[in-house]
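# Reading the structure
Below are the chains, spelled out letter by letter.
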Amino acid sequence: MGKLPLGLLQQFVLVARLGNLSRAAAQANLTVSALSHQMRQLEERLERRLFERGPRGVTLTVDGCSLLEAVGEHFDGIEHALSRYHQRRHDALTLSASPGIMSSWLVPRLPRLVAVHPDLELSLQSSSALVNFEREPVDVGLRYGRGNWPGLHSERLFGEWIAPVAAPALLMRMEGVDPRDLWRWPLLGEPNSSTRWSDWFGSTGGTPPARYVAQFDSLDALRHAALEGLGVALGRMVTSKSLIDAGRLQVLGDRYLRVEEAYWLVYPPRSQEHRGLQLFREWLLVEAEDYCRQMSAFRPDDTGVD
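Now for a quick tour of the structure. (Residues numbered from 1 in each chain as written. Predicted model: local features only at pLDDT ≥ 70, side-chain atom pairs only at ≥ 80, totals over all residues. Heavy atoms only, no water.)

### Things to note about the overall build of the protein
- On a plain count of helices and strands, the protein comes out with 11 helices and 11 strands.
- For the protein, the spread of C-alpha atoms along the three principal axes comes to 75 × 45 × 30 Å.
- Looking at the protein as a whole, 46% of its 306 residues are labelled buried.
- Counted over contacts in the protein with a minimum sequence separation of 6, partners at least 24 positions apart contribute 73%.
- When the accessible area of the protein is evaluated, it comes to approximately 16600 Å², of which 51% is carbon and sulfur surface. (Helix = DSSP H or I, 4+ residues; strand = E, 2+ residues; numbered from the N terminus. Buried < 20%, exposed > 50% of the residue type's maximum accessible area, 1.4 Å probe, protein only. Contact = heavy atoms within 4.5 Å. Areas by Shrake-Rupley, 256 points an atom, 1.4 Å probe, with all protein chains shown as cover.)

### Observations concerning the side chain of Arg23
- Turning to its location among the elements, Arg23 is positioned in helix α2 (residues 21-28).
- Judged by relative accessible area, Arg23 falls into the buried class, the value being 17%.

### A short note on the pairing of strand β3 (residues 92-97)
- With six of six residues buried, β3 lies mostly within the body of the structure.
- Judged by which residues are buried, β3 turns out to be covered on both faces: Ala92, Thr94 and Ser96 on one side and Leu93, Leu95 and Ala97 on the other are all buried.
- In terms of strand pairing, β3 meets strand β4 (residues 121-126) through six bridges, oriented parallel. Within β4, the residue paired with Ala97 across the bridge is Ser126.
- The pairing of β3 with strand β5 (residues 140-145) spans three bridges and is classified as parallel. Considered in β5, the bridge of Ser96 is made with Gly141. (Pairing = 2+ DSSP bridges.)

### Here's the deal with helix α3 (residues 32-46)
- In this model, α3 (15 residues) spans 21 Å end to end at C-alpha, consistent with the 21 Å of a helix rising 1.5 Å per residue.
- Those residues of α3 that fall on the buried side of the exposure criterion are Leu35, Ser36, Gln38, Met39, Leu42 and Glu43. Down the axis, α3 shows its buried residues gathered within 155° of arc, on one side only. When the buried face of α3 is taken as reference, the exposed residues oriented beyond 90 degrees from it are Ser33, His37 and Glu44.
- Phi turns positive one or two residues past the end of α3, at Glu47, with a value near 55°. (Expected span 1.5 Å × (residues − 1). Arc of directions from axis to C-beta.)

### Some points on the environment of Ala92
- Among the structural elements, Ala92 can be located in strand β3.
- Along the backbone, Ala92 and Leu120 are 28 residues apart, and their C-alpha atoms lie at a distance of 5.7 Å.
- Leaving out residues up to four positions away in the same chain, Ala92 has contacts with Leu120, Glu121, Asp139 and His274.

Have a look at this one:
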């Protein structure tokens, strides 16, 4: 077999840990096809299948797990040994955020950040996967959850409210059906939505449906389905308000349900002294406070600023 190129093993560790060829290719500055070819080349040289490839990413086989266990810690040791020589740029910031808050909330506000800090160089990564700050060159993240990420600094930005939303086309088709009788409307299921819809009906009255007109494993696909008029989605107001303002979605009724999850600024201890993060954090907190004031007026039944 000869000696394996170190680069092949390094790319294998990256793909194995991220579980996604697209994200790994972006970090390795390769195309997805080139990285995929490298992984197949490694499998051929080892005469072992290392990955199971599926529509949502790649998972390790038993042989893949064994190889990662054997070589992964050695690459960690090399990276740790070299980390002291890395020159961190304090005018650059790498940020990761889930696609919803990235496109609907953060990006529309970035011109204001650029206006006040024109020298700050941003690198934005859009992904639903949680960042591993130990292994990925990311300085800060924007995340949705309950703030319990061990070993990380978490600062709450604002809470979230949900409400049923539908496209104007669906409202026209359902003309004459009371929006308060949601059990009579076609409902769209989201990831873990059975609990969310149960919370909604438990708060407002009624019974969740026995089935949904369609069930989705991605919030992006769910949002597109709602926009096309397929059914009613439980919209998160942070990511849906711009579509509501544009008239592409409409809230059914005037009830909003506050959820336990919120949006957080998350970063590792190593980023605390990063000048770029300090500038971004200062700007972001002002934007979050302004957004809370806007939303307190937007929600008819809200009792105050979040």
